[in-house]
Amino acid sequence: MEIARRRFDTLIIGAGGGGLRAALHLSSADAHVAVVSKVFPTRSHTVAAQGGVNAALANVRPDNWHWHMFDTVKGSDYLGDQDAIEYMCRAAPQAVYELEHFGVPFSRLDDGRIYQRQFGGQSMNFGGEQAARTCAAADRTGHAILQSLYQQNIRARTHFFDEYFAIDLIKDHEGYLLGAVVMNIANSELLLIEAKTTLLATGGAGQLFRTNTNALINTGDGMAMALRAGIPLQDMEFFQFHPTGIAGKGMLISEAVRGEGGYLVNADGERFMEHYAPNAKDLASRDVVSRAIATEVREGRGCGEHRDHVLLKVDHLGAETVHQRLPGICDMVRTFLGTDPAESPIPVAPTAHYTMGGIPTNRFGQVIVPLQHGPEEPVPGLYAAGECACVSVHGANRLGGNSLLDILVFGRAAANHIVDYLHENRYHKPCPTDGADPALARLARWEQQGDGETVDHLRTELAQIMEENCGVFRTEEVMQDGLDKVTALSGRMGDVRLTDHSKIFNTARIEALELENLMDVALATVASALQRKESRGAHSRIDYPERDDVQWLRHSLYHRDTRTVDYKPVRTRPITVDSFPPKERVY
Ligand SMILES: Cc1cc2nc3c(=O)[nH]c(=O)nc-3n(C[C@H](O)[C@H](O)[C@H](O)COP(=O)(O)OP(=O)(O)OC[C@H]3O[C@@H](n4cnc5c(N)ncnc54)[C@H](O)[C@@H]3O)c2cc1C
């Protein structure tokens, strides 16, 4: 089949903060850049980020990047790679000032400097008093960042393919990445984008779980594309459950609410976090707070008719502070609960939020794979940044405010490396005639309507299984059951029907492709979780409650072809400073 072709220096798949930060840097360096996004760029999930972005600016309390680095390493439960963490924390102030110059309207202190709020897991002086490190544009930080980056890209003449869906990557026989096959969602026309370098910036996979804070589009497409291109996924067992989603619905109530002084209470009105984290209390790191809520509920101290949630109180802060500092949250609570947080507490429960694992990269954004019996090597021409990547700065548990930072810093770092790569690799490599075949074969499968269950039915069942079998607390038995169920479910994809309606829109086919992606990412997640026999960060096993640094201070790598997991060492050595050796993690 003959398909249209376009050529660019760089193809960026994903127009969230990660993709747009990279695109801006490249376009400004006169590279010819294409950004492909399955939704209009400013609808990417980055737009939903509320609380803010971390940088040790020391505007509100004393701070420096060493403390930020310590908190991040500790937050990661020592699984984060310390070279990447040092790089990110040092680059943070610069990343924020750049945003300011791009036009992000940060909230201000009275003296005009950028306001900074307290977030979970932040400390001064290596584990001392609470720090205030999160820069915010009220509680709509992601919205402000994404709009500013988009406008700057328009100015820099980045070429956008809006509402195009990337199907699969193209590789030549030497292993070079040469671009991707994408589809115009509106008319289903295919396009082969040839590129000297390709950057995956496709975001997370929150749709794996029934109750989640993510956009509907967060289906792990880039991760699944990488898997199909023979690249393993790293640390997929670590999925962050945010402590405060609206109970039963999942919408995120930002950590900023607790940062501004809100706190959690159980059915007895007790401020229970005091028992779980005597110092940090409600601002302990997310895994700790999520487990505390799950424990309160499990032990019968949950609120409401089903005793399945706890309450988040902010009324004591006064209506003015609540409405001024948290306007977006107030709107959301009014819309979905019909109440005003300044008057009545918000019912909350842990909800799936952030994919810590992903496509393995180094701190230059290069995708790296372990060679058989050899060291790791970059995949030539392929980069990844943002939530789809695992660089790994978040390790086993991400700190709030560190993801917006991650996408900015590593979006830029990847672009920097790409600029050098383009200098050394000036010409397009020839695309093999069968380069698009895997993508076309995948599409052909969905040309026809099967007569079995619908795509929607299977997606709902998958999310239910993941929620029940791979949630906040895990055991061998429950996860094995989960793996068996997901494996059986993926077997049922064979005769799936696109839709219940007689008329098939192209979006139905896109949903089928997304479901295939979710299925692969789900298998990677449960298989990796089942293998890790310890509790670390967000991976919390009732049958192995302790962290085990002797056996398990290492990254997992899930391989799709063999459905097996193997391991690689954590990079514990920073770039210029001393490393932080593992210690007991208390808040
Ligand atoms: C509700 C919410 C609040 C958050 N708040 C904060 C916060 O306050 N602070 C913080 O640090 N972090 C926060 N996070 C996390 C943070 O926002 C995200 O991790 C980050 O924005 C992800 O950015 P990204 O560029 O990697 O991907 P995204 O912004 O998710 O963008 C992904 C892009 O990939 C495109 N794409 C995906 N698949 C395909 C495909 N097959 N074909 C074409 N295009 C594709 C999409 O169209 C989109 O443009 C929050 C997350 C959520 C869900």
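Okay, so let's go over this structure. (Residues numbered from 1 in each chain as written. Predicted model: local features only at pLDDT ≥ 70, side-chain atom pairs only at ≥ 80, totals over all residues. Heavy atoms only, no water.)

### So, the sheet that holds strand β5 (residues 134-135)
Ordered by their spatial adjacency, three strands build an open sheet running β3-β5-β4, and the pairing between neighbours is antiparallel. With one partner strand each, in any of the chains shown, β3 (53-54) and β4 (116-117) form the two edges of the open sheet. Relative to β5, β3 runs antiparallel, the two sharing two bridges. Across the sheet, the residue bridging to valine 53 is cysteine 135, located in β5. (Pairing = 2+ DSSP bridges. Helix = DSSP H or I, 4+ residues; strand = E, 2+ residues; numbered from the N terminus.)

### Section: the side chain of lysine 196
Inspection of the secondary structure puts lysine 196 in strand β9 (residues 190-200). Residue classification places lysine 196 among the buried residues on the basis of a relative accessible area of 15%. Here aspartate 9 takes part through its side chain, which lies 2.8 Å from a polar atom of the side chain of lysine 196. Side-chain polar atoms of lysine 196 contact the backbone oxygen of arginine 426, separated by 3.0 Å. Those residues in contact with lysine 196 that lie beyond four places of it in its chain are Phe8, Asp9, Leu177, Gly381, Tyr421, Leu422, Asn425, Arg426, Tyr427 and His428. (Buried < 20%, exposed > 50% of the residue type's maximum accessible area, 1.4 Å probe, protein only. Polar contact = N/O pair within 3.5 Å; in protein donor to acceptor, adjacent residues only side chain to side chain. Contact = heavy atoms within 4.5 Å.)

### So, the pattern of salt bridges
Applying the stated criterion across every chain yields a total of 47 salt bridges. The residue aspartate 549 makes a salt bridge to arginine 536 at a minimum N-O spacing of 2.8 Å. Of this pair, aspartate 549 sits in helix α16 (residues 549-552) while arginine 536 sits in the loop between α15 (506-531) and β20 (540-541), placing them 13 residues apart in sequence. When salt bridges that share partners are traced, they join Asp77, Glu237, Asp287, Arg291, Arg532, Glu534, Arg536, Arg547, Asp549 and Arg585 into one network. (Salt bridge = Lys/Arg side-chain N within 4 Å of Asp/Glu carboxyl O.)

### Description of helix α12 (residues 437-445)
Among the residues of α12, Ala439, Leu440, Arg442 and Leu443 are the ones counted as buried. With its buried residues spanning 160° around the axis, α12 presents them on a single face. Its buried side turned inward, α12 meets β7 (164-171), β8 (177-184), β9, α5 (221-228) and α15. (Arc of directions from axis to C-beta.)

### Details of the packing of α12 against α15
Closest axis-to-axis distance for the α12/α15 pair is 10 Å, and the angle between their directions is 115°. Crossing handedness for the pair α12 and α15: right-handed. Contacts between α12 and α15 involve Arg442, Leu443 and Arg445 from the first element and Arg509, Leu513, Glu516 and Asn517 from the second. Among the residues forming the contact of α12 with α15, the class breakdown is two nonpolar, one polar and four charged. (Axes fitted to C-alpha atoms, helices over the stretch in contact; angles between N-to-C directions. Left-handed = near helix turned anticlockwise from the far one by under 90°. Nonpolar A, V, L, I, M, F, W, Y, C, P; charged D, E, K, R; others polar.)

### Some thoughts on the environment of valine 472
Structurally, valine 472 is set in the loop between α13 (455-469) and β19 (473-474). C-alpha separation for the pair valine 472 and threonine 244, spaced 228 residues apart in sequence, amounts to 13 Å. Sequence-distant contacts of valine 472, that is, excluding residues within four places in its chain, are made with Phe241, Ser290, Arg291, Ala294, Pro350, Ala538 and Ser540.

### Comments concerning unusual backbone geometry
A cis amide bond links valine 391 with the next residue in sequence, serine 392, at an omega value of -10°. Tracing the backbone through its elements, the reader meets serine 392 in the loop between β18 (389-390) and α11 (402-424). For aspartate 77, which is not a glycine, the phi torsion comes out positive at approximately 55°. Mapped onto the secondary structure, aspartate 77 falls in the loop between α2 (65-75) and α3 (82-102). The phi angle at lysine 281 is positive, at roughly 50°, despite the residue not being glycine. As for its position among the elements, lysine 281 is in the loop between α7 (273-276) and α8 (286-298).

### Structural notes on the sheet that holds strand β22 (residues 564-569)
Spatial strand order, β10-β21-β22: three strands in an open sheet with antiparallel pairing. Each of the sheet's edge strands pairs with one partner strand only, and the pair in question is β10 (233-234) and β22. The pairing of strand β21 (residues 554-559) with β22 spans six bridges and is antiparallel. Among the inter-strand pairings, histidine 555 is bridged to a residue of β22, identified as lysine 568. Here α15 sits on the sheet and contacts β10, β21 and β22; the angle it forms with β21, its principal contact strand, is near 135°.

### Concerning the site of the ligand
Neighbouring residues of the ligand: 38 residues in total, closest Ser44, His45, Thr46, Glu387 and Ser403. For the ligand, a nitrogen atom lies 3.4 Å from a polar atom in the backbone of glutamine 50. Within the backbone of glycine 52, a nitrogen or oxygen atom sits 2.9 Å from a nitrogen atom of the ligand. Contributions of two or more residues to the shell around the ligand are made by α1 (17-28), β2 (33-37), β7, β14 (346-355) and α11. Its residues placed into classes, the shell around the ligand shows 13 nonpolar, 21 polar and four charged. (Near = heavy atom within 4 Å.)

### Things to note about the pairing of β9
Among the eleven residues that make up β9, eleven are buried, leaving the element largely enclosed by the rest of the structure. In the sheet, strand β1 (residues 4-13) pairs with β9 via nine bridges, with the strands oriented parallel. Bridge pairing in β9 places phenylalanine 8 opposite alanine 195. As judged from the five bridges shared by β8 and β9, these two strands associate in the antiparallel manner.

### Observations regarding the environment of cysteine 431
You can see cysteine 431 is positioned in the loop between α11 and α12. It is 45 Å that separates the C-alpha atoms of cysteine 431 and alanine 136, two residues lying 295 residues apart in sequence. Ignoring sequence-local partners within four residues, the contact set of cysteine 431 consists of Arg5, Ile170, Leu178, Leu192 and Glu194.

### Things to note about empty space enclosed by the protein
Here the idea is plain: a probe the size of a water molecule rolls over the atoms and shows the empty space left. By the definition in use, this model includes three cavities of 30 Å³ or more. Of the pockets and cavities examined, the largest cavity occupies roughly 60 Å³. Considering the residues around the largest cavity, the lining is formed by Phe239, Gln240, Phe241, Asp287, Ser290, Arg291, Asn397, Val472, Ala538 and Ser540. Mapping the lining of the largest cavity onto the domain boundaries places at least three of its residues in each of domain 1 (244-351) and domain 2 (437-569). (1 Å grid on protein atoms, 1.4 Å probe; cavity = no way out; pocket = protein on both sides within 12 Å on 5 of 7 lines; lining within 4 Å. Points joined across faces, edges and corners; volume = space filled by probe spheres on them. Domains from an automatic or database assignment.)

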